[in-house]
Amino acid sequence: IDIHTLTAAEVFGVDPATMSKETRARAKAVNFGIVYGISPFGLAAQLGIDQKEAKLYIETYFDRYKGVRAFIDETLETVRRDQAVKTHFGRIRPIPDIQSRNPNMRGFAERTAVNTPLQGTAADLIKLAMLKIDAAIAQRNLKSRMTLQVHDELLFDVVPEEAEDLQQLVKHEMEHVAEFSVPIVAE
């Protein structure tokens, strides 16, 4: 089951078998919003609900996913101490505004601190995959070429007779670019 469907089932109390696309989309907004520090006000505005309901969604989420709360708290503790955070691969992002007296700047720094290990690691993963794929294409003397990267997607100009082999190569390299406790799945 995908994470947004699971969140909808557990936070909204909806059966995955009868879940609408709209309900899953709301859960997706909750998943991304909460991890990136959305307030009840912001979630309410995004979902078109009242703030009390949004606050309840956030509280229910953190009650259900205690590890997310722990991750956020640990990340903020680290950035307050070090004024920087790291991706999984060790890339460092300085966050000096974490000490700002301006609450808006400090709040943005906190959201950036939580976002960086997630989005930064995702950026590292796609770049590592691109390097491996490019090397494999060259090694196999393929005529097809990687032409564009958009977030976690790669686009290729593909010679038709290479399509099946390239698809397998790309899927394999993307799914095995790094090992985590959960699988990386490429489609």
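First things first, this report covers the structure right here in the doc. (Residues numbered from 1 in each chain as written. Predicted model: local features only at pLDDT ≥ 70, side-chain atom pairs only at ≥ 80, totals over all residues. Heavy atoms only, no water.)

Notes on the packing of aromatic side chains
Then, in step 1: A full pass over the atoms with the stated rule returns 3 aromatic pairs.
Then, in step 2: A centroid spacing of 4.6 Å and a plane angle of 50° characterise the contact between phenylalanine 12 and tyrosine 57, whose relative ring orientation is tilted. Remark: tyrosine 57 occurs in helix H4 (residues 51–64) and phenylalanine 12 occurs in helix H1 (residues 3–12); sequence separation between them is 45 residues.
Then, in step 3: Tyrosine 57 sits in the buried class, given a relative accessible area of 11%.
Then, in step 4: Their ring planes at 85° and their centres at 5.8 Å tell us that tyrosine 61 and phenylalanine 62 sit as a pair that is edge-to-face.
Then, in step 5: A relative accessible area of 15% places phenylalanine 62 in the buried class. (Phe/Tyr/Trp six-rings, centres within 6.5 Å; stacked < 30°, edge-to-face > 60°. Helix = DSSP H or I, 4+ residues; strand = E, 2+ residues; numbered from the N terminus. Buried < 20%, exposed > 50% of the residue type's maximum accessible area, 1.4 Å probe, protein only.)

Some points on the pairing of strand E4 (residues 153–157)
Residues in a regular strand project their side chains so that they alternate between the two faces of the sheet.
Then, in step 1: Pairing analysis gives 5 bridges linking strand E3 (residues 145–150) to E4, with the strands arranged antiparallel. For methionine 146, the partnering residue across the bridge sits in E4 and is phenylalanine 156.
Then, in step 2: Linking E3 back to E4 in an antiparallel pair, the connection comprises 2 residues, with histidine 151 at a positive phi of about 55°. (Pairing = 2+ DSSP bridges.)

By themselves, these observations are geometric and do not establish any function.
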